[in-house]
Amino acid sequence: MKFTFTSLVSLLILVASAMAQPVVQGSITHGGLQRAYRLYQPNIYTGTEAVPLIINLHGYGSQAFEQEVYGSFKAIADTANFIIVHPEGTMDNAQNQFWNAFGIPGGPDDVGFLSALIDSISADYNIDPNRVYCTGMSNGGFMSYKMACDLGSRIAAIASVTGTMVQSELSACNLDHPTPIMEIHGTADPTVPYLGDATQTFVGTEAVVNYWVSVNNCNPTAVQSAVPDVNALDGCTADHFVYSGGDAGSTVEHYRINGGGHTWPGSPTVISIGVTNQDFSASVEIWRFFNQYRLNVLTTGIEQTTKPSFTIYPNPSEGEVAIRFETAAQRTFELRNSLGQLLRSDSSKSATFRLHAERAGVYFLTVFAEDGIFTEKLVIN
């Protein structure tokens, strides 16, 4: 799972970093080791309200700076108002930076470090303890699963990109509560094979998904849909599987990248190990997934509010869509693009609401109603 940048990508990183908000570089001491991290605070953060925290973990042989750019959430955080932290792993005997998520006894206490890091960040920033999430690439995806198993008291949901679990970690997993899971994985991944490795040390992607479907008590039959092939030149397609109806409103989602490699969908292709899907942004989908869940809802077992009955049509569309509810009531609608930028905000008391998007692309429509907040994806051709 070694993951490194070329000099060209390093240059792109420097340019991107110069354009973005300053990143806080810090460190804490845990287990006798000084552990570093990079933290991004969006412009709109004021500290007056508690905000979510996303922990974004790098892959094996990579580091926080690379993950910060490759699996970037900055543009989304700038409008959605959450804080992102990119911690550093430790060095193994081969001098590759890694996370201790392979079921090997001993080694660094990465779960303890990340728990202490949450404490440290919460002391300096107004973090909502019910909205702490973990994601990562490759080895960082393995570690995200370990966080769900070993630090469930603090993690509301996780998302893994090109990661999985080793069999010993899966067998030892002890959940505190239903845990929403998203797995994004390419069928042609040469590093973490989709079907698992020959020794079955790396559990196959579908087996891991099925495990979480089972423990969350989700519907074992997924709702499957093809991701619109908006980029026919990327050499792959994607299918989306949603296993809903889990305990306390939990779900499991899986994006299968047909022909995809060991890559982060929507990222620069010059950093790829194999084919990179450009039909959707993994970062956008991960935030959309995380934004649904609160730890206190999952731990109390009280199911989230049932989604109100409404229909969006046509979807995909050529620009105009209609949202029809069963009853008329006061509701607010927000339309955002794939970067999370607010494009339009309206209110209506009628049972039918129409909106128009001029440009082709993927959009997210959020409905604010008395019985909850609900987001649906729109595709404009």
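The residue numbers shown here count from 1 along each chain, following its written sequence. Restriction of local features to residues with pLDDT of at least 70 applies here, the model being predicted, together with a cutoff of 80 or more for giving and counting side-chain atom pairs; totals for whole chains, interfaces and linings are based on all residues. Only hydrogens and water are removed before side-chain values are computed, so all heavy atoms of the structure are retained for them.

Enquirer: It is not clear to me how the pattern of salt bridges should be interpreted in this structure. Could you clarify?
Expert: The rule for a salt bridge is simple: a side-chain nitrogen of Lys or Arg has to be within 4 Å of a carboxyl oxygen of Asp or Glu. Scanning all chains against the criterion turns up nine salt bridges. Between Asp119 and Arg154 there is a salt bridge, with the nearest N and O atoms lying 2.8 Å from each other. Here Asp119, found in helix 4 (residues 110–124), pairs with Arg154, found in the loop between helix 5 (139–150) and strand 8 (157–161); they are 35 residues apart in sequence, far enough to count as distant. On the accessibility criterion, Arg154 (23% relative accessible area) is partly exposed. Two residues, Glu169 and Lys146, come together in a salt bridge whose shortest N-O distance is 3.2 Å. Residue Glu169 is found in helix 6 (residues 167–172), and its partner Lys146 is found in helix 5; the two are separated by 23 residues along the sequence. Between buried and exposed lies partly exposed: a residue is buried under 20% and exposed over 50% of the maximum accessible area for its type, with that area taken using a 1.4 Å probe on protein chains only. Looking at Glu169, the relative accessible area reads 13%, which means it is buried. Salt bridges here are not isolated pairs; linked through shared partners, they connect Arg38, Glu68 and Lys74. Each helix is a run of H or I in the DSSP string that is no shorter than four residues. Each strand is a run of E no shorter than two, and both are numbered from the N terminus.

Enquirer: I keep staring at unusual backbone geometry and nothing clicks. Help me out?
Expert: Glycine aside, a negative phi is what most residues show, and trans is what most peptide bonds show. A cis geometry characterises the amide bond from Asn315 onward to Pro316, with omega recorded as 10 degrees. Note that Pro316 resides in the loop between strand 13 (310–313) and strand 14 (320–325). In the Ramachandran plot, Thr162 falls in the positive-phi region, its phi being about 65 degrees despite a non-glycine side chain. As for its placement among the helices and strands, Thr162 is situated in the loop between strand 8 and helix 6. Look at Thr162 and you get buried, because its relative accessible area is 1%.

Enquirer: Explain the side chain of His177 to me, please; I cannot follow it from the model alone.
Expert: Along the polypeptide, His177 turns up in the loop between helix 6 and strand 9 (181–186). A polar atom in the side chain of His177 sits 3.5 Å from the backbone oxygen of Ile155. Two N or O atoms count as a polar contact when they lie within 3.5 Å, although within protein this holds only if one can serve as hydrogen donor and the other as acceptor, and sequence-adjacent residues are included solely when both atoms are side-chain atoms.

Enquirer: Teacher, can you tell me more about the environment of Asp78 here?
Expert: Mapped onto the elements, Asp78 comes out in helix 3 (residues 74–80). Separated by 35 residues in sequence, Asp78 and Asn43 have C-alpha atoms that sit 6.3 Å apart. Sequence-distant contacts of Asp78, that is, excluding residues within four places in its chain, are made with Tyr40, Pro42, Asn43 and Ile44. By the convention used here, residues are in contact when the closest approach between their heavy atoms is within 4.5 Å.

Enquirer: Just to check I follow, could you spell out the nonpolar core for this structure?
Expert: Generally speaking, nonpolar side chains in soluble globular proteins are found buried as a group. Ile55, Leu114 and Trp212 are the most contacted members of the largest nonpolar core, which has 48 residues in total. Going through the elements one at a time, strand 2 (33–40), strand 3 (51–57), strand 4 (83–87), helix 4, strand 7 (127–137), helix 5, helix 7 (205–215) and strand 11 (237–243) are the ones with two or more residues in this core. Setting aside residues up to four positions removed in sequence, Leu114 forms contacts with Ile55, Leu57, Pro87, Trp99, Met143 and Met147. The next biggest cluster of nonpolar side chains, apart from the first, holds 34 residues, and it includes Phe82, Ile84, Val161 and Phe289. Definition of nonpolar core: a set of buried residues of the types Ala, Val, Leu, Ile, Met, Phe, Trp, Tyr and Cys, connected through side-chain atoms within 4.5 Å.

Enquirer: Explain the side chain of Ser267 here, please?
Expert: Mapped onto the elements of the fold, Ser267 is located in the loop between strand 12 (252–258) and helix 8 (282–290). On the basis of relative accessible area, Ser267 is assigned to the buried category, the value being 4%. At a separation of 2.6 Å, a polar atom in the side chain of Ser267 contacts the main-chain carbonyl oxygen of Trp264. Those residues in contact with Ser267 that sit more than four places away from it in its chain are Tyr70, Thr276 and Gln278.

Enquirer: I keep staring at the sheet that holds strand 12 and nothing clicks. Help me out?
Expert: Sheet strands associate in pairs through backbone hydrogen bonding, adopting either a parallel or an antiparallel arrangement. DSSP calls a pair of strands paired once it identifies at least 2 bridges connecting them. Read across the open sheet, the ten strands follow the order 1-2-4-3-7-8-9-12-11-10; overall the sheet is mixed. Here the strands that pair on one side only, and so sit at the sheet edges, are strand 1 (23–30) and strand 10 (223–226). Strand-to-strand twist across the sheet, computed as the mean angle between neighbouring axes with direction ignored, equals 20 degrees. Note that strand 1 and strand 2 share eight bridges and pair antiparallel. Among the inter-strand pairings, Gln25 is bridged to a residue of strand 2, identified as Arg38. Interaxial angles span 0 to 180 degrees and are taken between N-to-C directions of axes, which are lines fitted to C-alpha atoms, for helices over the stretch in contact. In the packing of helix 4 onto the sheet, contacts are made with strand 1, strand 2, strand 3, strand 4 and strand 7, and the angle to strand 1 comes to roughly 125 degrees. Sheet strands touched by helix 5: strand 3, strand 7, strand 8 and strand 9. Its angle to strand 7, the strand with the most contacts, is close to 145 degrees.

Enquirer: Is there a simple way to think about the pairing of strand 12 in this case?
Expert: Consecutive side chains along a regular strand alternate between the two faces of the sheet. The buried fraction of strand 12 is high, at five of seven residues. The sheet contact formed by strand 9 and strand 12 spans six bridges and is parallel. Bridging across to strand 12, Glu183 finds its partner in His254. Across seven bridges, strand 11 lies against strand 12 in antiparallel orientation. Within the sheet, the bridge partner assigned to Thr237 lies in strand 12 and is Asn258.

Enquirer: How should the confidence of the model for the chain be read in this particular structure?
Expert: In regions of low pLDDT, the predicted coordinates are not meant to be interpreted in detail. Taken over all residues, the pLDDT of the chain has a mean of 87, while the share at 70 or more is 87%. pLDDT runs from 0 to 100 and stands for how confident the predictor is about each residue. Confidence drops under pLDDT 50 across residues 3–19; counting only partners more than four residues distant or on other chains, this segment forms 23 contacts.

Enquirer: Looking at this structure, how should I read the state of the cysteines?
Expert: When the sulfur atoms of two cysteines come within 2.5 Å, that pair is taken as a disulfide. Overall, the coordinates contain one disulfide when judged by the stated rule. What pairs with Cys149 in a disulfide is Cys173, and their sulfur atoms sit 2.0 Å apart. Taking the sign of the torsion about the S-S bond as the criterion, the disulfide between Cys149 and Cys173, at about -95 degrees, is left-handed. Of this pair, Cys149 sits in helix 5 while Cys173 sits in the loop between helix 6 and strand 9, and the two are 24 residues apart along the sequence. The pair formed by Cys149 and Cys173 is uniform in burial state, with each residue classed as buried.

Enquirer: So what exactly am I meant to see when it comes to the environment of His254 here?
Expert: Relative to the elements of secondary structure, His254 occurs in strand 12. The sequence separation of His254 and Ala159 amounts to 95 residues, and the corresponding C-alpha distance is 9.6 Å. Residue contacts for His254: discarding those within four places in its chain leaves Glu183, His185, Tyr194, Thr205, Val209, Asp239, His240 and Phe241. In terms of polar contacts, His254 uses its side chain to reach the side chain of Tyr194, at 2.9 Å.

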